[in-house]
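# Chains, contacts and geometry: an overview
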Amino acid sequence: SLSHHENWQRMWRNPTPKPVYDVIIVGGGGHGLATAYYLAKEFGVKNVAVVEKGWLGGGNTARNTTIVRSNYLWDESAQLYEHAMKLWEGLSQDLNYNVMFSQRGVYNLCHTLQDMRDSARRVNANRLNGVDGELLDARQVAEEIPFLDCSKNTRYPIMGSTVQRRGGVARHDAVAWGYARAADALGVDLLQNTEVLGFRKQDGAVIGVETNRGFIGAKRVGVVTAGNSGHMAKQAGFRLPLESHPLQALVSEPIKPVIDSVIMSNAVHGYISQSDKGDLVIGAGIDGYNGYGQRGSYGTIEHTLQAIVEMFPILSRVRMNRQWGGIVDTTPDACPIISKTPVKNLFFNCGWGTGGFKATPGSGHVFAASLARGEMHPLAKPFSIDRFHTGALIDEHGAAAVAH
Ligand code: FAD
Ligand code: PYC
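Rules behind the numbers
- Chains are numbered independently. Their residues run from 1 in the order of the written sequence.
- The lettering of chains begins at A and the numbering of ligands begins at 1, in the order of writing.
- Reporting of local features is limited, given that this is a predicted model, to residues whose pLDDT is at least 70; pairs of side-chain atoms are given and counted only at 80 or more, and all residues count toward the totals for whole chains, interfaces and linings.
- Computation of side-chain values covers all heavy atoms of the structure but excludes hydrogens and water.
- Only protein atoms enter the 1 Å grid used here, on which a cavity is any set of points holding a 1.4 Å probe that cannot leave and a pocket is any open set flanked by protein within 12 Å on both sides along at least five of seven lines; residues with an atom within 4 Å of a point are listed as lining.
- Grid points are joined across faces, edges and corners, and a volume is the space filled by probe spheres set on the points.
- In this classification, the charged set is Asp, Glu, Lys and Arg, the nonpolar set is Ala, Val, Leu, Ile, Met, Phe, Trp, Tyr, Cys and Pro, and all remaining amino acids, among them Gly, are polar.
- Think of it this way: a Phe, Tyr or Trp ring, Trp meaning its six-membered ring, pairs with another when their centres are within 6.5 Å, and the plane angle makes it stacked under 30 degrees, edge-to-face over 60, tilted otherwise.
- Here, a charge over a ring means that NZ of Lys or CZ of Arg falls within 6 Å of the ring centre while also lying within 35 degrees of the ring normal.
- For each residue, the test is whether any non-hydrogen atom lies within 4 Å of the molecule or strand; if one does, the residue is near.
- Nitrogen and oxygen atoms within 3.5 Å of one another constitute a polar contact, given that in protein one can donate a hydrogen and the other can accept it, and given that sequence-neighbouring residues count only through two side-chain atoms.
- Note that accessible areas follow from Shrake-Rupley with a 1.4 Å probe, and for residues the cover is restricted to the protein chains shown.
- Helix and strand assignments come from DSSP, with helices taken as H or I runs of at least 4 residues and strands as E runs of at least 2, each series counted from the N terminus.
- To estimate the expected span of a helix, subtract one from its residue number and multiply by 1.5 Å.
- Think of it in three bands: residues with accessible area under 20% of the maximum for their type are buried, residues over 50% are exposed, and the middle band is partly exposed, with areas taken using a 1.4 Å probe on protein chains only.
- Think of it as the arc spanned by the lines of direction from the helix axis to the C-beta atoms.
- By the convention used here, residues are in contact when the closest approach between their heavy atoms is within 4.5 Å.
- Two strands pair if DSSP finds at least two bridges between them.
- Each axis is a line fitted through C-alpha atoms, taken for helices only over the stretch in contact, and angles between the N-to-C directions span 0 to 180 degrees.
- Confidence scores per residue from the predictor, reported as pLDDT, run from 0 to 100.
- Cysteine sulfurs are considered disulfide-paired once they come within 2.5 Å of each other.

### A short note on the layout of surface pockets
Space inside the second largest pocket adds up to approximately 540 Å³. Partitioned by chemical class, the residues of the lining of the second largest pocket number 7 nonpolar, 8 polar and 7 charged.

### Digging into the packing of aromatic side chains
Evaluation of the coordinates by the stated rule reveals 8 aromatic pairs. An aromatic cluster is built from Y37, Y38 and Y179, whose rings are joined through pairwise contacts. When the ring centre of F215 is taken as origin, the NZ or CZ atom of R200, which lies over that ring, is 3.8 Å away.

### As for the site of ligand 1
E52, N60, T61, T65 and N228 are the nearest of the 38 residues found near ligand 1. Here an oxygen atom of ligand 1 and a side-chain polar atom of T65 are 2.8 Å apart. At a separation of 2.9 Å, an oxygen atom of ligand 1 approaches a polar backbone atom of G356. Notes on ligand 1: free accessible area 1000 Å², of which the protein chains cover 96%. The set of elements that each furnish at least two residues to the shell around ligand 1 consists of α1 (30–42), α2 (60–63), β12 (243–252) and β16 (320–330). Of the residues in the shell around ligand 1, the class split is 13 nonpolar, 20 polar and 5 charged.

### Brief notes about helix α9 (residues 298–311)
The α-helix advances 3.6 residues per turn, and as a result positions three or four apart in sequence lie on the same side. With 14 residues, α9 should reach 20 Å at 1.5 Å per residue; the first-to-last C-alpha distance of 20 Å fits that figure. Listing the buried residues of α9 in full gives T300, I301, T304, A307, I308 and M311. One side of α9 holds all its buried residues, which, seen down the axis, span an arc of 130°. In this structure, α9 carries Y298 and E302 as exposed residues pointing more than 90 degrees from its buried face. Its buried side turned inward, α9 meets β4 (106–110), β12, β13 (262–265), β14 (270–274), β15 (280–286) and β16.

### A few points about the sheet that holds β12
In any sheet, the strands associate via hydrogen bonds between backbone groups, in a parallel or an antiparallel arrangement. In space, the 8 strands of this open sheet follow the order β5-β6-β4-β13-β14-β15-β12-β16, with mixed pairing throughout. What marks the edges here is a single partner per strand, and that holds for β5 (134–137) and β16. Taking each pair of neighbouring strands and ignoring which way they run, the sheet shows an average axis angle of 20°. For β13 and β14, the ladder comprises 3 bridges, and the chain directions are antiparallel. Residue pairing across strands places I263 opposite I272, the latter belonging to β14.

### A short note on the confidence of the model for the protein
On average, residues of the protein score 96 in pLDDT, and 99% of them reach the 70 mark or higher. Scoring the predicted complex yields pTM 0.98 and, for the interface, ipTM 0.99.

### Quick word on the state of the cysteines
Scanning the model with the defined rule gives 0 disulfides in all. Unpaired in terms of disulfides, C110 finds its nearest cysteine sulfur in C150, a separation of 12 Å. C335 carries a free sulfur, and the closest cysteine sulfur to it, the one in C350, is 12 Å from it. The exposure class assigned to C335 is buried, which follows from its relative accessible area of 1%.

Quick look at the structure:
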């Protein structure tokens, strides 16, 4: 049957690197590809390369559990993630590629009185920022999520939940491929198997990247390398307040539809949705140690599945099919870094930690604007590395949904 696949058109070219580009993006994940696309499409910067050490979308973009929401507490982050949400809502049309964005609703369960109070505060803050949100009581939760154990007999009985009905999931690979195809069509060079090994500088400014395929010159460089960003900063000669941790996910064997939304609990600590194929998509928190191996430890798997069975006893005999890990770059305030750096013309976009997939279109858009103009986009400005000197942190640990 594979013979039918023989004459498929390539989705993008496989170009030879040019000697110099206006902008080089390091990292061909969703954020890097989105940045390149918006640079070419919205800001008229078409002499762009995306330099990727492996294959496009093979990092956290391909390893995440695809939850999309914008219900963050503080104005700065709510506005950034809501900017992304609005782009998600038109993304399949914009890219002419079905990214399978499904606004099926995201529930964040409350198990204590303090959860309820924090959630009320967050929903109110969301609404003031134009982000949809509702606070449900236990009876409403039981009605909306039939198989969830809402009885009083559990270790942490469910008292209520927030729900963002515009939240949901998307198809992660399609996001990378859609942006890649569209960027390539606008003339962006996508350079796979090309690893950045260092930055060449002149008079305190970056003038290009050293790669395993030789030197490639650039007027500006944007680094979007997720879990590898600490290393990239070191190569550029400065430090970033990042810790890299494994974050795991699991999928079950495919079963008939039982869960039609996304359900997350920070108290028992697990989350779940069901893919269109029928697999249950499951995750929890980071593995506590720092590391760069794209795998996790057994203890975390056990803890995650305990939580899922506690929430959904009906799933206790479902078998798990696959498990994997990605490397997430966490910051002290659980917020990203989108910033200029001490090296002129070198910009970083990282620190998205456990929650950057949902931001992909917005992050790419504001980073592209910043690279095109040489000045940070207003939505990106609060996420400068300066905040770790000034103390103007934006603490989003409560909204991060995945503990770290
Ligand atoms: P990546 O996709 O990791 O791309 C970075 C790229 O840089 C990689 O392809 C890598 O190969 C490349 N690179 C690194 N070093 C170099 C170099 N020296 N030279 C060239 N290229 C280099 N977020 C959500 O919003 N919702 C979720 O449900 C969610 N679930 C998650 C579940 C798991 C298990 C994991 C691991 C993450 C999850 N996330 C989630 C987080 C999300 O995946 C990331 O924040 C997001 O995908 C980061 O995208 P990116 O494009 O910045 O990074
Ligand atoms: O940020 O919503 C999120 C998330 C869910 C799972 C991992 N991250």
